[in-house]
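# Secondary and tertiary structure notes
What follows is each chain in one-letter form.
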Amino acid sequence: MRPTARLLTGTALTVVALGAFAAPAAYANENGNENDGRPQTLEIYPSTASPGTTVTVNTLACGKNGHGVGDANSLGAGEFRLNPSTHKEVVVGQFTVPQHAKPGVHWISVACDNGRTARGELTVKHREPSGHVKTGVGGSIGPDTAQVTAGAAVLAAAAVGGVWLMRRRASGAQGH
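Because the structure is a prediction, the values reported are computed rather than measured.

### Digging into unusual backbone geometry
Backbone torsion omega between Tyr45 and Pro46 reads -5 degrees, so that peptide bond is classified as cis. Notably, Asn65 is not glycine yet its phi reads approximately 60 degrees, a positive angle. By the secondary structure assignment, Asn65 is in the loop between β4 (54-59) and β5 (68-71). Under the relative-accessibility criterion, Asn65 is labelled exposed at 59%. One non-glycine residue with positive phi stands out, namely Glu89, at about 65 degrees. Overall, Glu89 belongs to the partly exposed group, its relative accessible area being 31%.

### So, the state of the cysteines
For the structure on display, the rule yields one disulfide. In this model, Cys62 is linked to Cys112 through a disulfide, with the two sulfur atoms separated by 2.0 Å. The disulfide joining Cys62 to Cys112 has a torsion of about -75 degrees about its S-S bond and is therefore left-handed. With Cys62 in the loop between β4 and β5 and Cys112 in strand β8 (residues 104-112), the pair connects residues that are 50 residues apart, well separated along the chain. Since its relative accessible area comes to 5%, Cys62 is described here as buried.

### What about the pairing of β4?
Most of β4 sits inside the fold, with five of its six residues counted as buried. Bridge analysis of β4 against strand β7 (residues 91-96) gives six bridges, and the strand direction is antiparallel. Of the residues in β7, the one forming a bridge with Thr54 is Thr96.

### Description of the nonpolar core
Membership of the largest hydrophobic core comes to 21 residues, with the highest contact counts inside it found for Val55, Val57, Leu75, Phe95, Val97, Ile108 and Leu122. Those elements giving two or more residues to this core turn out to be β4, β6 (79-84), β7, β8 and β9 (117-124). Residues in contact with Val57, not counting those within four places in the same chain, are Leu42, Glu43, Ile44, Phe80, Leu82, Val91, Val92, Gly93 and Phe95.

### Focus on the pairing of β7
Within a regular strand, the side chains alternate between the two sheet faces. Because side chains alternate across β7, one face comprises the buried residues Val91, Gly93 and Phe95, and the other comprises Val92, Gln94 and Thr96, none of which is buried. In this sheet, β7 lies alongside β6 in antiparallel orientation, the contact comprising two bridges. Looking at β7, one finds that Asn83 is bridged to Val92. Linking two consecutive strands that pair antiparallel, namely β6 and β7, is a turn of six residues; a positive phi of about 65 degrees is found at Glu89 within it.

### A few points about the environment of Leu42
Positionally, Leu42 belongs in the loop between β1 (40-41) and β2 (43-45). Between the alpha carbons of Leu42 and Thr117 there is a distance of 8.9 Å; along the sequence they are 75 residues apart. Residues in contact with Leu42, not counting those within four places in the same chain, are Val57, Asn58, Thr59, Ile108, Ser109, Val110, Ala118, Arg119 and Gly120.

Rules and cut-offs
In this convention, every chain numbers its residues from 1, walking through the sequence in written order. Whole-chain, interface and lining totals are the exception, using all residues; otherwise, since this is a predicted model, local features are given only for residues with pLDDT of at least 70 and side-chain atom pairs are given and counted only at 80 or more. Side-chain numbers here rest on the full set of heavy atoms in the structure, without hydrogens or water. In this description a helix means any DSSP run of H or I spanning at least four residues, a strand means any run of E spanning at least two, and both kinds are numbered starting from the N terminus. For every residue, the accessible area obtained with a 1.4 Å probe (protein chains only) is divided by the maximum for its type, and the residue is called buried under 20%, exposed over 50%, and partly exposed between those limits. Any two cysteine sulfur atoms lying within 2.5 Å of each other are counted as a disulfide. When DSSP finds at least two bridges between two strands, those strands are taken to pair. Residues grouped as a nonpolar core are buried Ala, Val, Leu, Ile, Met, Phe, Trp, Tyr and Cys residues, joined through side-chain atoms within 4.5 Å. In this analysis, two residues are considered to be in contact whenever any of their non-hydrogen atoms come within 4.5 Å of each other.

Now the structure itself:
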């Protein structure tokens, strides 16, 4: 596994773990009633993602040993499953932001087997272009050794020729 993937996986798991401890207060309404018909909070990590990014979602809405189906159709990722995690009453699922996803805010929702729902926002941003620019003329791949050598030879020949010409003029001017 590449170091970047390990870092992202470890960070995602940490967020899930911290969310499990912070979530109980966030999931109850003013009266402490967790099942009032309103959608519960869906934690989304990362909350801002580029196409190709794997997104992890979690919620307490499905309850202990619960399951759910996530809906990421708003950005073209389709449905995904949420299953119990190692943390008490937390269900977790993942999906990948498709390459064709439009930039902007998208709602992601979950329907739990117990009838509860949860939803949250995901902001999609497109990454800056990277790699070689394809302009149709030349390229930006890198220096071509043969061309660099030929250019250096032309510059060296011009310098030697210029010095020779200046010395010739200087010696001709003294001879008259």
